[in-house]
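# Examining the three-dimensional arrangement
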Amino acid sequence: RTVEPLEYYRRFLKENCRPDGRELGEFRTTTVNIGKCLCSITTADGSALVKLGNTTVICGVKAELAAPAADSANKGYIVPNVELPSLCAERFRSGPPGEEAQAASQFIADVIENSQMIVKEDLCIASGKLAWVLYCDIICLDYDGNLLDASVFALLAALKNVQLPSVTINEETGLSEVNLKQKNPLIIRKHPVATSFAVFDDTLLIVDPTAEEEDLATGTVTIVTDEEGRLCSVHKPGGSPLTGAKLQDCITRAITRHKEVKKLIDKVIKSITPK
């Protein structure tokens, strides 16, 4: 495994299994904790912690009020940020965000935009005057591959946990008045779920790759779908090309995975919702 890691992996792949005992199309155990029940970020307006095998990601959503941009007077803002601190893996260093963290942040921004999970017009309180800004901080606590799947999952779970206070503008003073006693859930219009694959030897596809498998793979691809089976995003940062048939296979598997993740989120939310 140390001297010839690729050959070591190929021996397993020939038998249609992996060193950790999983089949090629099998995901690691996935768990999600939402909101205050996970002893997470009490200062956040919504939070979630997702574990995908050893990969652990926490997401906190902070809502603030701001004036809308002049060219989009009836829209709010969503600002995602992915952090890969040095504590999550040896490969990352302290300091400004590295290339991988920046690429992940851009991927999350694209998913939010393409899926229309939150319509920015829904975040507007008074056109041209006041809107919500959602700061979505996604921090990796333990990195063992497949960061994108865990990040999208944690973001969706945290957003579903957000409760925004009622805000009105006093017509006499022109100032905003916040009613913390009256809170409304965020309007989530779509539920995007990411499913990542590693490509081995240009032909073999394995789902939910570990960090070791990502390093040995000849390419990776991430498919994002919503609850209607609609394709929201395909993220393929170089590597081996995929045939149309292989890509279609990935999309089919991603749609199946979406149902599993959505079921898991719904179950957790139901368990923490006051009776």
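Remember, it's a predicted structure, so these values are computed and weren't measured experimentally.

### So, the packing of helix H2 (residues 99-115) against helix H3 (residues 147-160)
Direction vectors running N to C along H2 and H3 enclose 50°, while the axes themselves pass 11 Å from each other. In terms of axis orientation, H2 runs oblique to H3. Note on packing geometry: the crossing formed by H2 with H3 is right-handed. Touching Ala-104, Phe-107, Ile-108 and Ile-112 of H2 are Leu-147, Leu-148, Ser-151, Val-152 and Leu-155, all from H3. Each residue belonging to the contact of H2 with H3 can be placed in one class, and the counts come to eight nonpolar, one polar and no charged.

### Some remarks on the UniProt feature "domain: Exoribonuclease phosphorolytic" (unreviewed entry) in the protein chain
Those residues carrying the UniProt feature "domain: Exoribonuclease phosphorolytic" (unreviewed entry) are residues 26-165 and 192-255 in this numbering. Between the end C-alpha atoms of residues 192-255 there is a gap of 10 Å, over a span that is 28% helix and 38% strand.

### Here's the deal with the sheet that holds strand E10 (residues 204-207)
The four strands are arranged E10-E9-E11-E12 in an open sheet whose pairing can be described as antiparallel. The open sheet terminates on both sides in strands that have one partner only, identified here as E10 and strand E12 (231-235). Here the strands of the sheet are splayed against their neighbours by 25° on average, with no regard to which way each runs. The sheet contact formed by strand E9 (residues 193-200) and strand E11 (residues 219-225) spans seven bridges and is antiparallel. Bridged to Ala-194 within E11 is Val-224. Helix-sheet contacts for H3 involve E9, E11 and E12, and the interaxial angle to E9 is about 175°. Of the strands in this sheet, E9, E10, E11 and E12 are in contact with helix H5 (residues 244-272), which crosses E11 at around 50°.

### Structural notes on unusual backbone geometry
The phi angle at Asn-16 is positive, at roughly 60°, despite the residue not being glycine. Inspection of the secondary structure assignment puts Asn-16 in the loop between helix H1 (5-14) and strand E1 (30-34). Accessibility expressed as a relative area gives 49% for Asn-16, which makes it partly exposed. In this structure, Asp-208 is a non-glycine residue whose phi angle is positive, near 45°. Here Asp-208 lies in the loop between E10 and helix H4 (211-216).

### Focus on the nonpolar core
Judged by nonpolar contacts, the single largest core of 55 residues is most densely connected at Ile-118, Leu-134, Tyr-143, Leu-155, Leu-159 and Leu-186. At 11 residues, the largest contribution of residues to this core is made by H3. When residues no more than four places from it in sequence are discounted, the contact partners of Leu-186 are Ile-118, Leu-123, Leu-134, Leu-159, Val-162 and Leu-164. Among the nonpolar cores identified, the runner-up in size contains 10 residues, and Phe-197, Leu-205, Val-221 and Ile-223 belong to it.

### Focus: the environment of Val-133
Inspection of the secondary structure assignment puts Val-133 in strand E6 (residues 130-142). As for Val-133 and Ser-196, which are separated by 63 residues in sequence, their C-alpha atoms are 29 Å apart. Residues within four places of Val-133 in sequence aside, it is in contact with Lys-62, Ala-63, Glu-64, Ala-66, Tyr-77 and Val-79.

### So, the pattern of salt bridges
Should their charged atoms come close, side chains of opposite charge can pair. The full count for this structure, using the stated rule, is 16 salt bridges. The shortest N-O distance in the salt bridge between Arg-28 and Asp-144 comes to 3.5 Å. Of this pair, Arg-28 sits in the loop between H1 and E1 while Asp-144 is found in the loop between E6 and H3, placing the two residues 116 residues apart along the sequence. Between Arg-28 and Asp-208 there is a salt bridge, with its nearest N and O atoms 2.8 Å apart. One end of the pair, Arg-28, is in the loop between H1 and E1; the other, Asp-208, is in the loop between E10 and H4, with 180 residues separating them in the sequence.

Rules behind the numbers
- One numbering rule holds for all chains: residues counted from 1, following each sequence as written.
- Thresholds applied to this predicted model are a pLDDT of at least 70 for local features of residues and 80 or more for the giving and counting of side-chain atom pairs; totals over whole chains, interfaces and linings are not thresholded and use all residues.
- Think of the side-chain values as coming from all heavy atoms in the structure, minus any hydrogens and water.
- Axes here refer to lines fitted to C-alpha atoms; in helices the fit is confined to the stretch in contact. Angles between the N-to-C directions go from 0 to 180 degrees.
- Helix and strand definitions here come from DSSP, where helices need a minimum of 4 consecutive H or I residues and strands a minimum of 2 consecutive E residues; each element is numbered from the N-terminal end.
- Any angle that falls under 35 degrees is termed roughly parallel, while one over 145 is termed roughly antiparallel, one within 65 to 115 roughly perpendicular, and all others oblique.
- Take the far helix as your reference; a near helix turned counterclockwise from it by less than a right angle gives a left-handed crossing, and one turned clockwise gives a right-handed crossing.
- Residue contacts are counted whenever heavy atoms from the two residues lie within 4.5 Å of one another.
- Amino acids outside the nonpolar list (Ala, Val, Leu, Ile, Met, Phe, Trp, Tyr, Cys, Pro) and the charged list (Asp, Glu, Lys, Arg) are all regarded as polar, and Gly is one of them.
- UniProt positions are given in the numbering used here, feature names are shortened, and annotations may be inferred rather than shown by experiment.
- Pairing between two strands requires that DSSP report at least two bridges joining them.
- We call a residue buried when its accessible area falls under 20% of the maximum for its residue type, exposed when it is over 50%, and partly exposed in between, using a 1.4 Å probe and counting protein chains only.
- Put simply, a nonpolar core is a bunch of buried Ala, Val, Leu, Ile, Met, Phe, Trp, Tyr and Cys residues held in one set by side-chain atoms that sit within 4.5 Å of each other.
- We count a salt bridge whenever a side-chain nitrogen from Lys or Arg sits within 4 Å of a carboxyl oxygen from Asp or Glu.

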